[in-house]
Amino acid sequence: MKSKSQASVGARERIFEGLPVGAGVAIGVVYRHDSRAVVQVRERKIPANKVRTEQHRVLEAAHEAGGRMEALQLQAKRMSGPAGEELGYILEAYQQMLSGSRLVRGVQKRIATERINAEAAVMKEIGLMAEAFAAMEDQYLAARMADIREVGRRLVESLGKEVEMGFENLPANAVIVADELSPADTALLDPKRTAGLVTMLGGVESHTAIVARSLGLPAVVAARDILAEAQSGETIIVDGGTGHVILDPTPATLDKYRRKRAGYVKSQQSLKKLKTVPAVTRDGFRIHLQANIELPGDVDLALAAGAEGVGLFRSEFMFMNRPDMPSEKEQFAELSAVVKKMAGRPVTIRTLDVGADKLGDGLGMKPGPNPALGLRAIRFSLSRRKVMLIQLSAILRASAYGPVRILLPMVCIVEEVRQVRRMLTRLIAQLKRRGVKIADPPPPLGVMIEIPGAALAADALAAEADFFAIGTNDLTQYTLAIDRTDEQVAYLYNPLHPAVLRLIQFSAEAALAARIPVSVCGEMAGDERMTPILLGFGITELSMSSTSLPRVKKRILELNLSAISGRVRRITSESDPARVRAIVEELAKAG
Ligand code: PEP
Ligand code: MG
């Protein structure tokens, strides 16, 4: 996937190609983040008179870690057979690395030259050594990278580790360059201090990519080998529209991208003028555009973009980056704040959608053999009724402050909806008895259509649910058996596959026949090239990241729906993905 080329002889400019995730251009400085490093440490500058103290700390820590290694070696010797022997060799190698070796010398030198604390110097030196090993032709030596990291971890532990939380030490205008970022990591990013991000792994519809889009960060995923090249502090350009990443650009390249960035900023500003304009097609069809949010704070962006409601609140993000579970009181405080801020606009709160790449640290989840197909989302909630009841209770209480809808993720069978309805009925009665204020009538209960089986049984689900939200991200993943986070198969991830389009159409028709509202809240809703198709299927509610909303609105204002409906109908009778794409291209240009 990556194509790297030297732009001109003698120049240091290096170009990488990845998958584009978030529109816009970032020009900033590289901040390397290694998620595979077992510890993240806080880097801190030290005064000249503290250099010797830090160097001494390293020697002591190396001595202590070496001592522990020796004890382990003795234990290994008592083990019988080749395992003990192998372990003995590894531990001996660790010990050598810790005793007056290149590692310790390198760390000491770094403390003196860079004037940084011992922990940060260790991690930097380890990073450098690990890369040198990884680049070795010899497979055995390359695999020693993990050992080097392990030694680093032990050394930092002996130093008493100054562990970093999140990205609190980002330099101004930082572009985070990482092997991969979890959705939880990404949620910690402060867009005011982060210019963009680039990862070596990941797919365009992974939750990490989705969060980057929501934050309005130019981002590129699947930029292979970027970490082997990018050095912290180096100038970097990230083009979130094309997937290009450029390290140490020449003045001409910088100039080109500065102009491109200015053009993007200008077009965003002109789109802002549409904030209060209703989304109506040229032939008078009114479409409702809502925002997807991950954290309560995102609601400000939603309002700034002119969202008519929150079509998807991914509540699981409130459960990330903390060792415990948020209490009912905390959940209620956060949810009611969102409902109040939306001031009468509907807020669709999805119950916990944990599992696969989204983990709630305080939930004690045990990943099964295949987490994407395992005990996740509604299945997890129904298996942990107390967790579910706390969440439902917080949602019901928040419903006293404005229109709220409850949305269930990854529903597979009607019985799941029935179970939740029974829980809700009992809970509502209890809350009322206790005199707790909740909305009357209580919030509607909807289901996400994101499993192919649910889409094909949409008529049955429509008889049980009060509304549908079609999750095209997972619907594509499960229909095509493509892990949405895996860059190796990202070329096959295609929401325009005839199978996916047919499932969307079938679900929309089932909802329309049952006269229940239906929206699309997957990333497809935020792609203006898809707008004619979704509207042509009879969908009048779209929910997307706030940054995509103005572009989609602009497209709706240009569109004459009646004139394209025949071509949209034709699309689901096509079985050839190439033909489908051709029709989509044609529709994308249609006025
Ligand atoms: C989806 O699957 O399309 C969806 C909206 O949910 P999420 O992206 O959170 O899985
Ligand atoms: Mg989903």
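None of the values given here were measured: they were computed from a predicted structure.

The rules behind each value
Residues numbered from 1 in each chain as written. Chains lettered and ligands numbered in written order. Predicted model: local features only at pLDDT ≥ 70, side-chain atom pairs only at ≥ 80, totals over all residues. Heavy atoms only, no water. Donors = N, O, S within 2.8 Å, 3.2 Å for Na, K, Ca; no water. Helix = DSSP H or I, 4+ residues; strand = E, 2+ residues; numbered from the N terminus. Buried < 20%, exposed > 50% of the residue type's maximum accessible area, 1.4 Å probe, protein only. Domains from an automatic or database assignment. Contact = heavy atoms within 4.5 Å. Buried area = accessible area lost by both parts, 1.4 Å probe. Salt bridge = Lys/Arg side-chain N within 4 Å of Asp/Glu carboxyl O. Polar contact = N/O pair within 3.5 Å; in protein donor to acceptor, adjacent residues only side chain to side chain. Phe/Tyr/Trp six-rings, centres within 6.5 Å; stacked < 30°, edge-to-face > 60°. Lys NZ or Arg CZ within 6 Å of the ring centre and 35° of its normal. Expected span 1.5 Å × (residues − 1). pLDDT = per-residue confidence, 0-100.

Concerning the coordination of the magnesium ion (ligand 2)
Working reference: metal with six octahedral donors, ideal angles 90 or 180 degrees; metal with four tetrahedral donors, ideal angle 109.5 degrees.
Then step 1. Around the magnesium ion (ligand 2), the protein contributes the donor atoms Glu-450 (OE) and Asp-474 (OD), which lie 2.0 to 2.1 Å from the metal centre. On the criterion of sequence distance, the pair formed by Glu-450 in the loop between β14 (445–449) and α16 (452–456) and Asp-474 in helix α18 (residues 472–480) is long-range, its members being 24 residues apart. Here Glu-450 and Asp-474 have matching classes, each one buried.

Comments concerning the domain arrangement of the chain
Then step 1. Each assigned domain of the chain is listed with its residue range as follows: domain 1 (3–36 + 166–270), domain 2 (48–159) and domain 3 (279–588).
Then step 2. A separation of 28 Å is found between the C-alpha centroids of domain 1 and domain 3.
Then step 3. Counting from both sides, the interface comprises 20 residues of domain 1 and, opposite them, 19 residues of domain 3.
Then step 4. Taken together, both faces of the contact between domain 1 and domain 3 bury some 1900 Å²; the carbon and sulfur share is 59%.
Then step 5. By the criterion of area lost to domain 3, the three top residues of domain 1 are Glu-205, His-207 and Ser-214, representing 34% of everything that side buries.
Then step 6. At the junction of domain 1 with domain 3, the criterion picks out 1 salt bridge.
Then step 7. Note that Glu-523 and Arg-213 form a salt bridge whose closest N and O atoms lie 2.6 Å from each other.
Then step 8. Applying the counting rule to domain 1 against domain 3 returns 7 residue pairs in polar contact (both at pLDDT 80 or more).

Looking at the packing of aromatic side chains
Then step 1. Applying the stated criterion across every chain, the model contains 1 aromatic pair.
Then step 2. When the ring centre of Phe-332 is taken as reference, the NZ or CZ atom of Arg-397 above it lies at 4.2 Å.

Focus on helix α3 (residues 102–114)
Then step 1. Helix length check: α3, at 13 residues, gives a terminal C-alpha distance of 17 Å against a target of 18 Å (1.5 Å per residue), a fit within 8%.
Then step 2. Looking at the residues trailing α3, positive phi occurs at Arg-115, about 50°.

What to know about the confidence of the model for the chain
Then step 1. On average, residues of the chain carry a pLDDT of 88, and 91% of them reach 70 or more.
Then step 2. pLDDT under 50 marks residues 1–10. Its contacts with residues more than four places away, or in other chains, come to 21 contacts.

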